[in-house]
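Chain residues, written in single-letter form:
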Amino acid sequence: MGRVFKFGDGISTDAIIPGRFNVTTDATALGKACFIEARPDFATTVQAGDVIVAGRNFGCGSSREHAPVAIKAAGIQAVVAQSFARIFYRNAINIGLAVVQCEAIYGAVQDGDPISVDVRSGRIDVNGKMFTGETPGPVATAIMEAGTLIDLIKTRGWAAIEEVS
Amino acid sequence: MGTLTEEIFTRRLGRPIHAGEIVVAPVDYAMAHDVTGPLAIEAFRQLEVPIWDPDRVIFVFDHILPANTVAAAGLHRQVREFAAEFGVKHVFQEGICHQLMVEKGFVRPGGIVVGADSHSTTYGALGCFSAGFGSTDIAVTFATGRTWFRVPETIRIDLRGGLPPGVFPKDLALQVIRRLGAEGANYLAVEWGGEAVEAMSVDDRLTLANLTVDFGGKAGLCEPDEHTRAYLGDAGVIDLHPVQPEYRQLVEVDAETLEPQIACPPAIDNVRDLSEVEGTHLDEVFVGSCTNGRIEDLAIVAGYFEGRQVHPGTRTIVVPASKKVYMEALARGYIQTFMEAGALVMNAGCGPCLGRQHGVLGPGERALSTSNRNYAGRMGSAQAEIYLANPAVAAASALAGEIADPRRLN
């Protein structure tokens, strides 16, 4: 069980990790700078297992993979959003950050609400209500099952994706 | 048969490909820059395999050039050491990655190119399917020469009529974003066509393809034609057209009735007519970026700056997109014009666009930029405001110290 950190629409990768703070590949440093200006208390208050719930077009803008890396390193278990920008969604799956698309949950939660997300089934329990996220595509599912894209390609190569395409 | 995207994948894979299919496809080139490159390198090393083809891997130092901190110098060093270890010769430090990809001949009609930068959509201007990816995807391409795609459906955008004075391709793209919203093309390809596009130079088409990602597009393509041929030479220009395409959505924009468009803070789709925001005080004007830092853009600005002075209360920063653009601007006298007008001219690269190296905005400051992103914090302080506009509006605004209409200066 984690807590909800609620964000609005159009949260950009510039908000998640501003350009001045991604001059590193160190995940811990990125996690400490996550939302450093948009929500300065974020990195210091997130506890392992907490969940971001956001509106539309989460992760829009730059392709910087530092953004999902920062969110994951900060301790976030999953991001549940009404919609995701394409590159962010793919990057998150690739590095093993759980992302769940769910339209209905946004209006039903407040900051700090207790929430649990079952990433595999897409089941979300919050405030005594149950929501189900959209089923990820076959490639995303294959990567999630392996852990990361690197894990998948290293163990099984492109065959793993060709067989679900 | 199909959209430009379907045609490209069909030719490349040698079998009919339709939107919605998931394919693993070979790519021509994989590009990364000084910020996304190091993460790609670290992911690549985890795979413990040889590099696919060192001649098809490209690194560009542009986001922080030259390095302005010890940390940035470390990223550059990491890329240089990797390039030396794996025999990667295409390592550039002479401009923005997207401009160099086009100038150096890596982009061909019908090609497939991937880049670890969202504005990799830019190459679609030449009829190449190109898309932006994160570092891990690019690392896998470094190792295998391939990546996977869900072949996207397409939005067809027809730009009708000629462009009135003061209106440029930037305005057409912002008008489309105004209508479709910041995620209007999410997961989709965009085809840019119509007589306004047919009349455009390749430089102008690069602006349209570039901005495609800023309303979510995976790729933004123009049909290759005589302009493409003139730009690239005959080599590599193929006959490529949509054939009985089925589009997800059709959009028409009448260019002739348009006035200059301004994307206002804090989002790309908060677009207004210039007349609604005229007179807004500015602390900084930035001319440059992969959207509007090319020679034709600099020509527009030089035309307005000739014999005039930029407003003393406004920092005006000009950054040519590449060394080639810079040297052409020197030869044509534009650089002298910019400097005599009181503008700062910086070395070719991404410049102030992403708030990481110079031209950084302080709290409460307001900038107008010819670039592509106006999110809070993009160019510095999250308490700064960014307006996006075409080069003529940028020039007129730099002279006035506030958002101004270039049509009043002619």
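About the thresholds
Residues numbered from 1 in each chain as written. Chains lettered and ligands numbered in written order. Predicted model: local features only at pLDDT ≥ 70, side-chain atom pairs only at ≥ 80, totals over all residues. Helix = DSSP H or I, 4+ residues; strand = E, 2+ residues; numbered from the N terminus. Contact = placed C-beta atoms within 7 Å. Pairing = 2+ DSSP bridges. Axes fitted to C-alpha atoms, helices over the stretch in contact; angles between N-to-C directions. Buried ≥ 20, exposed ≤ 12 C-beta atoms within 10 Å, placed from the backbone. Arc of directions from axis to C-beta. Domains from an automatic or database assignment. Nonpolar A, V, L, I, M, F, W, Y, C, P; charged D, E, K, R; others polar. Expected span 1.5 Å × (residues − 1).

(A) Summary view of the overall build of chain A. When its secondary structure is counted, chain A shows eight helices and seven strands. Overall, the C-alpha framework of chain A stretches about 45 × 40 × 25 Å when taken along its three principal axes. Of all intrachain contacts in chain A linking residues separated by at least 6 positions in sequence, the fraction that spans at least 24 positions is 64%.

(B) Representation of the sheet that holds strand 7 (residues 129-132) of chain A. Residues and elements named next belong to chain A. An order of 4-3-2-1-5-6-7 is seen for the seven strands of this open sheet, with the pairing classed as mixed. Looking at the sheet topology across the chains shown, the edges are occupied by strand 4 (98-101) and strand 7. Here the average twist between neighbouring strands, direction ignored, is 30°. Across four bridges, strand 6 (residues 123-126) lies against strand 7 in antiparallel orientation. Residue Ile-124 lies in a different strand from strand 7, and its bridge partner there is Phe-131.

(C) The arrangement of unusual backbone geometry in detail. For the bond from B:Leu65 to B:Pro66, the omega torsion is -15°, close enough to zero to count as cis. Inspection of the secondary structure assignment puts B:Pro66 in the loop between strand 3 (57-60) and helix 3 (70-86). If you check the backbone angles, A:Phe35 has positive phi at about 55° while not being a glycine. Even without being glycine, B:Tyr187 reaches a positive phi, approximately 70°.

(D) Local environment of the interface of chain B and chain A. Across the contact, 45 residues belong to chain B and 39 residues belong to chain A. Only strand 1 (22-26), helix 2 (36-47), helix 3, helix 5 (135-144) and strand 7 (146-150) of chain B provide two or more residues apiece to the side of chain B that touches chain A. Counting residues per element, the side of chain B that touches chain A draws most heavily on helix 2 of chain B, at seven residues.

(E) Region of the structure containing the sheet that holds strand 8 (residues 154-160) of chain B. Residue and element names in this part refer to chain B. Strand order in the open sheet formed by four strands is 10-9-8-11, with parallel pairing between adjacent strands. For this open sheet the edge positions go to strand 10 (219-221) and strand 11 (249-254), each flanked by a neighbour on one side alone. Neighbouring strand axes in the sheet, compared pairwise and without regard to direction, differ in orientation by 20° on average. In the sheet, strand 8 pairs with strand 9 (residues 189-193) via five bridges, with the strands oriented parallel. The residue bridging Arg-156 from the neighbouring strand is Glu-191, located in strand 9.

(F) Up close: helix 7 (residues 149-156) of chain A. The set of residues buried in helix 7 of chain A consists of A:Leu149, A:Ile150, A:Leu152 and A:Ile153. Projected down its long axis, helix 7 of chain A carries its buried residues within an arc of 165°, all on one side. Buried-residue contacts for helix 7 of chain A involve helix 5 (86-95), helix 6 (138-146) and helix 8 (159-162) of chain A together with helix 2 and helix 5 of chain B. A:Gly157 sits one or two positions beyond helix 7 of chain A and adopts a positive phi of about 70°.

(G) Looking closely at the domain arrangement of chain B. All names here are of chain B. Here chain B is described as being made up of domain 1 (4-253) and domain 2 (263-408). Contacts between the two partners involve 31 residues from domain 1, matched on the other side by 30 residues from domain 2. For the side of domain 1 that touches domain 2, the elements supplying multiple residues, two or more each, are helix 4 (97-103), helix 6 (169-180) and helix 8 (202-211). A per-class count over the side of domain 1 that touches domain 2 returns eleven nonpolar, twelve polar and eight charged.

(H) How the structure looks around the domain arrangement of chain A. All names here are of chain A. Here the domain parsing of chain A yields domain 1 (2-133) and domain 2 (135-165). Between the C-alpha centres of domain 1 and domain 2 there is a distance of 22 Å. If you look at the interface, domain 1 gives five residues, while domain 2 gives seven residues. Its residues assigned to classes, the side of domain 1 that touches domain 2 comprises two nonpolar, three polar and no charged.

(I) Spatial organisation of helix 2 of chain B. In a regular helix each residue adds 1.5 Å, so twelve residues correspond to 16 Å; helix 2 of chain B covers 17 Å between its end C-alpha atoms and thus fits that length. Taken as a whole, helix 2 of chain B has its buried residues at B:Thr36, B:Gly37, B:Pro38, B:Leu39, B:Ala40, B:Ile41, B:Ala43 and B:Phe44. In this structure, the buried side of helix 2 of chain B is in contact with helix 7 of chain A together with strand 2 (29-33), strand 3, helix 3 and helix 5 of chain B. Residue B:Glu48 follows helix 2 of chain B closely and has a positive phi angle near 55°.

(J) How the structure looks around the pairing of strand 14 (residues 284-287) of chain B. Residue and element names in this part refer to chain B. Going residue by residue along strand 14, you find Glu-284 and Phe-286 tucked away on one face and Val-285 and Val-287 tucked away on the opposite face as well. In terms of strand pairing, strand 14 meets strand 15 (residues 315-318) through four bridges, oriented parallel. Residue pairing in the sheet places Val-287 in a bridge with Val-318 of strand 15. Bridge analysis of strand 14 against strand 17 (residues 366-369) gives three bridges, and the strand direction is parallel. In the sheet register, Val-285 faces strand 17, and the bridge partner there is Leu-368.

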